[in-house]
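In case you want the letters, here they are:
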Amino acid sequence: MPVVAETIIGIRALIAEEKARLVDAGTMSPRVAFVATMGALHAGHMALVKRARKRGEIVVVSIFVNPTQFSPTEDLSRYPRDLAADLATLEGSGTTFVFAPTPEEIYPHATTDTVVSAGRVGGLFEGRTRAGHFDGVLTVVAKLANIIRPDVMVFGQKDAQQAFLVNRMLSDLNFPISLEVVPTVREDDGLALSSRNRFLDERERRAAIVLSHMLEAAGSAADLGIDAVIAAAQSVSMGEPLVTVDYFGVVNPATFLPVDDDYRGPATAIVAARVGATRLIDNEGIYLA
Ligand code: PAF
């Protein structure tokens, strides 16, 4: 089992001791690779840990359900929390330390007055449905980065808008940290792995595949232009009554803004939909010729 620290002072001491030990053992400058999670770990998270192992001699995984990224309409208490199960999942993964703080450790004054603003892109797509979500994400990621002081942070492509915004924050605020983005891990039928998939019943699980089918259809229509891409995705979603699409869009990966009609080049098709009561997101790279 990885060693667990619940306090900031504790995780910093563990990392410092491990660095000193590695230096004594002959590693000149041990690198810290960090994976931030909210727990409920699955194979998608383990792909992030695997990449982190390649990038750092010390791998830190945080498990913290961050209250400030949940809007008042979202059920923070419903988010799955099972530290023992998460630690069992991390067993043998090469994780050196787990940082599992309490909300009081991270927000000793209940919340924080100083907030990282996710700006314009933070208000689009996920940010439009979930007001303040990305300010909460960036604020906690900045706090965790200052606590752990990693050389590398590893995020998943599954949360493409989050990865984009974290990357921009690291650059805008001059964090000396590089970001790696790992491809989405999918079930055999194409459904992107998500901690929320566990809320789907059997019928919903079958219907949820519509999200990746929409992205496939978008990719197949990409040669015909953006209108054809949107029409192709829409026609797939219309065939599944259990799925209510929240948004489907095509963005420029360099700006995360919707592409213009005359845009040519790599793009990211993004989708969010409710399947029953569960909200899922997915995305896929396409090429607009
Ligand atoms: O992707 C997540 O699990 C969360 O948004 C993160 C990055 C751990 C911040 O709370």
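Residues numbered from 1 in each chain as written. Predicted model: local features only at pLDDT ≥ 70, side-chain atom pairs only at ≥ 80, totals over all residues. Heavy atoms only, no water.

Asks: Quick rundown of the nonpolar core? Include the residues and the values.
Replies: Core analysis: the largest hydrophobic core is formed by 47 residues, its most contacted members being Ile 11, Val 60 and Ile 148. Looking at this core element by element, the count peaks at 10 residues for helix H7 (residues 133–148). Setting aside chain neighbours within four positions, we find Val 60 in contact with Ile 11, Ile 15, Val 32, Ala 33, Phe 34, Val 35, Phe 97 and Ile 148. Core analysis: the second largest hydrophobic core is formed by 30 residues, Ala 232, Val 243, Tyr 263 and Leu 280 among them. (Core = buried A, V, L, I, M, F, W, Y, C linked by side-chain atoms within 4.5 Å. Buried < 20%, exposed > 50% of the residue type's maximum accessible area, 1.4 Å probe, protein only. Helix = DSSP H or I, 4+ residues; strand = E, 2+ residues; numbered from the N terminus. Contact = heavy atoms within 4.5 Å.)

Asks: Run through the sheet that holds strand E2 (residues 32–37), naming residues and quoting values.
Replies: Each strand in a sheet pairs with another by means of backbone hydrogen bonds, the pair being arranged parallel or else antiparallel. In space, the six strands of this open sheet follow the order E1-E4-E3-E2-E5-E6, with parallel pairing throughout. Of all the strands in the sheet, the pair left with one neighbour each is strand E1 (3–5) and strand E6 (178–182). Each neighbouring strand pair of the sheet contributes to a mean axis angle of 25°, computed without reference to strand direction. One ladder, built from three bridges, connects E1 with strand E4 (residues 97–99); its direction is parallel. Counterpart to Val 4 in the pairing with E4 is Val 98. Relative to the sheet, helix H3 (residues 83–90) contacts E1, strand E3 (58–63) and E4, its axis offset from that of E3 by approximately 155°. (Pairing = 2+ DSSP bridges. Axes fitted to C-alpha atoms, helices over the stretch in contact; angles between N-to-C directions.)

Asks: Which residues make up the pairing of strand E10 (residues 278–288), and what values do they have?
Replies: Within E10, eight of the 11 residues are buried, which leaves the element mostly enclosed by the surrounding structure. The turn linking strand E9 (residues 265–275) back onto E10 is made up of two residues, and Gly 276 within it adopts a positive phi angle of 65°.

Asks: Outline the environment of Ala 233, listing residues and values.
Replies: Here Ala 233 shows up in helix H11 (residues 226–238). Given a relative accessible area of 0%, Ala 233 falls into the buried group. Between the C-alpha atoms of Ala 233 and Leu 215, which are 18 residues apart in sequence, the distance is 6.7 Å. In this view, Ala 233 contacts Met 214 and Phe 248; residues no more than four positions away in its chain are not counted.

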